[in-house]
Amino acid sequence: QVQLVESGGGSVQAGGSLGLSCAASGTIFSINAMGWYRQAPGKQRELVATITTGGTTNYGDSVKGRFTISRDNAKNTVYLQMSSLKPEDTAVYYCVAEIRLTPKSLGRPSWGQGTQVTVSS
């Protein structure tokens, strides 16, 4: 019923920039927080950034000052602008959205399929 479709991943050299986007579609009443997580090979999934409906942001320590999260509530879309990329940023990036399907339902997390970001040195 709900789909999150990510786009914008790819390969870039260290020091470069990339932008990701994630659009939610389907039967959606409203979306609470949205965010991005990432998972590198052999590592646990970790927080990249989250953003509330009102625009309050939270960042993982490793990306503070380099990544910027934003959202367009009218388009049910969240963005991640990544700059000063490092090889250790290489991972599969997943978007997540806390989605309410009806006015009476609680928000439940829905995940995108993931998009690969590769940073070469």
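Residues numbered from 1 in each chain as written. Predicted model: local features only at pLDDT ≥ 70, side-chain atom pairs only at ≥ 80, totals over all residues. Heavy atoms only, no water.

Further remarks concern the side chain of aspartate 89. Within the secondary structure, aspartate 89 sits in the loop between strand E8 (77-82) and strand E9 (91-100). A residue is classified by how much of its surface remains accessible, and aspartate 89, at 1% relative accessible area, is buried. In terms of polar contacts, aspartate 89 uses its side chain to reach the side chain of arginine 38, at 2.9 Å. Residues within four places of aspartate 89 in sequence aside, it is in contact with Arg38, Arg66, Phe67, Ser84, Val117 and Val119. (Helix = DSSP H or I, 4+ residues; strand = E, 2+ residues; numbered from the N terminus. Buried < 20%, exposed > 50% of the residue type's maximum accessible area, 1.4 Å probe, protein only. Polar contact = N/O pair within 3.5 Å; in protein donor to acceptor, adjacent residues only side chain to side chain. Contact = heavy atoms within 4.5 Å.)

Moving on: the pattern of salt bridges. Oppositely charged side chains can pair when the atoms bearing their charge come close. A complete count under the given rule lists four salt bridges for this structure. Note that glutamate 46 and arginine 38 form a salt bridge whose closest N and O atoms lie 2.6 Å from each other. What makes glutamate 46 partly exposed here is its relative accessible area of 33%. (Salt bridge = Lys/Arg side-chain N within 4 Å of Asp/Glu carboxyl O.)

With that settled, the discussion passes to the sheet that holds strand E7 (residues 67-72). With respect to topology, four strands assemble into an open sheet ordered E1-E3-E8-E7, the strand pairing being antiparallel. In this open sheet, the two strands that pair with only one neighbour each are strand E1 (2-7) and E7. Ignoring strand direction, the axes of neighbouring strands in this sheet form an average angle of 15°. As judged from the six bridges shared by strand E3 (residues 18-26) and E8, these two strands associate in the antiparallel manner. Among the inter-strand pairings, serine 21 is bridged to a residue of E8, identified as tyrosine 79. (Pairing = 2+ DSSP bridges. Axes fitted to C-alpha atoms, helices over the stretch in contact; angles between N-to-C directions.)

Our next topic: the environment of glutamate 6. Of note, glutamate 6 is situated in strand E1. Taking the C-alpha atoms as reference, glutamate 6 lies 20 Å from glycine 60; in sequence the two are 54 residues apart. Excluding anything up to four places from it in sequence, glutamate 6 contacts Ser21, Cys22, Trp36, Tyr93, Tyr94, Cys95, Gly112, Gln113, Gly114 and Thr115. A polar contact of 2.5 Å, which involves the side chain of glutamate 6, links it to the backbone nitrogen of glycine 114.

Further remarks concern the nonpolar core. Ranked by internal contacts, the top residues of the largest apolar core, which has 28 residues, are Trp36, Leu80, Met82 and Tyr93. Only E3, strand E4 (30-39), strand E5 (46-51), E7, E8, E9 and strand E11 (115-120) provide two or more residues apiece to this core. Among the elements that take part in this core, E9 stands out by supplying five residues, more than any other. Residues contacting methionine 82, with those up to four places away along its chain left out, are Gly16, Ser17, Leu18, Leu20, Arg66, Phe67, Tyr93 and Val117. (Core = buried A, V, L, I, M, F, W, Y, C linked by side-chain atoms within 4.5 Å.)

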